[in-house]
Amino acid sequence: MLTLLLYVLIVGLVATVLFLLAGAVFGRSEELGPLPEGTTATVLPVDGISGADVRALRFQQVVRGYKAGEVDWALARLAARIDELQTQLAEAQSAAAGHAGGAERR
């Protein structure tokens, strides 16, 4: 009985050492190192957010976080809509400038 207990303890110790060694060598499969506590890599400009800014967003991964595929899908939809709205705004502004320029010539 004592021999069985000793084998279980040795196997547990070897498994723990191998786990810690693998964690130290291979890391947590992150592209970047972990961020300091209380900081984030998520950055958006204060003004003039574009679709490219939304596409470039990255969120910190947590154990109970969101599914990355769902976040990426939502961000892609938002980025496309922002680009569409910015294009419509630019067209409306150029049309308004054209009308204002035409009225001044008369």
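Residues numbered from 1 in each chain as written. Predicted model: local features only at pLDDT ≥ 70, side-chain atom pairs only at ≥ 80, totals over all residues. Heavy atoms only, no water.

Caption draft 1: Focus on the overall build of the protein chain. When helices and strands are counted, the protein chain shows three helices and zero strands. Secondary structure of the protein chain in N-to-C order comes out as α-α-α. Classification of the 106 residues of the protein chain by burial places 6% in the buried group. Across the protein chain, the fraction of contacts at a sequence separation of at least 24, relative to all contacts at a separation of at least 6, is 52%. Within the structure as shown, the protein chain displays about 9,600 Å² of accessible surface, and the carbon and sulfur contribution to it stands at 65%. (Helix = DSSP H or I, 4+ residues; strand = E, 2+ residues; numbered from the N terminus. Buried < 20%, exposed > 50% of the residue type's maximum accessible area, 1.4 Å probe, protein only. Contact = heavy atoms within 4.5 Å. Areas by Shrake-Rupley, 256 points an atom, 1.4 Å probe, with all protein chains shown as cover.)

Caption draft 2: Structural view of the pattern of salt bridges. The full count for this structure, using the stated rule, is two salt bridges. Taking the shortest distance from any N to any O, the salt bridge between Arg 55 and Asp 83 comes out at 2.8 Å. Placement of the pair is Arg 55 in helix H2 (residues 51-55) and Asp 83 in helix H3 (residues 68-105), with a sequence separation of 28 residues. On the basis of relative accessible area, Asp 83 is assigned to the partly exposed category, the value being 26%. A salt bridge links Glu 84 to Arg 81, with the shortest nitrogen-to-oxygen separation between them at 2.9 Å. (Salt bridge = Lys/Arg side-chain N within 4 Å of Asp/Glu carboxyl O.)

Caption draft 3: Region of interest: the confidence of the model for the protein chain. Mean pLDDT over the protein chain: 80, with 75% of residues reaching 70 or higher. The lowest-confidence element of the protein chain is H2, averaging 81 in pLDDT; the highest-confidence one is helix H1 (residues 2-26), averaging 91. (pLDDT = per-residue confidence, 0-100.)

Caption draft 4: Spatial organisation of H1. With 25 residues, H1 ought to run about 36 Å at 1.5 Å a step, and its terminal C-alpha atoms sit 36 Å apart, in line with that. The buried fraction of H1 amounts to zero of the 25 residues, a small share that puts the element mostly on the outside. (Expected span 1.5 Å × (residues − 1).)

Caption draft 5: Representation of the environment of Ile 82 in the model. Within the element layout of this structure, Ile 82 appears in helix H3. For Ile 82, a relative accessible area of 23% puts it in the partly exposed group. When the C-alpha positions of Ile 82 and Ala 52 are compared, they lie 9.2 Å apart, and in sequence the two are 30 residues distant. Setting aside residues no more than four positions away along its own chain, Ile 82 makes contact with Ile 49, Ser 50, Gly 51 and Val 54.

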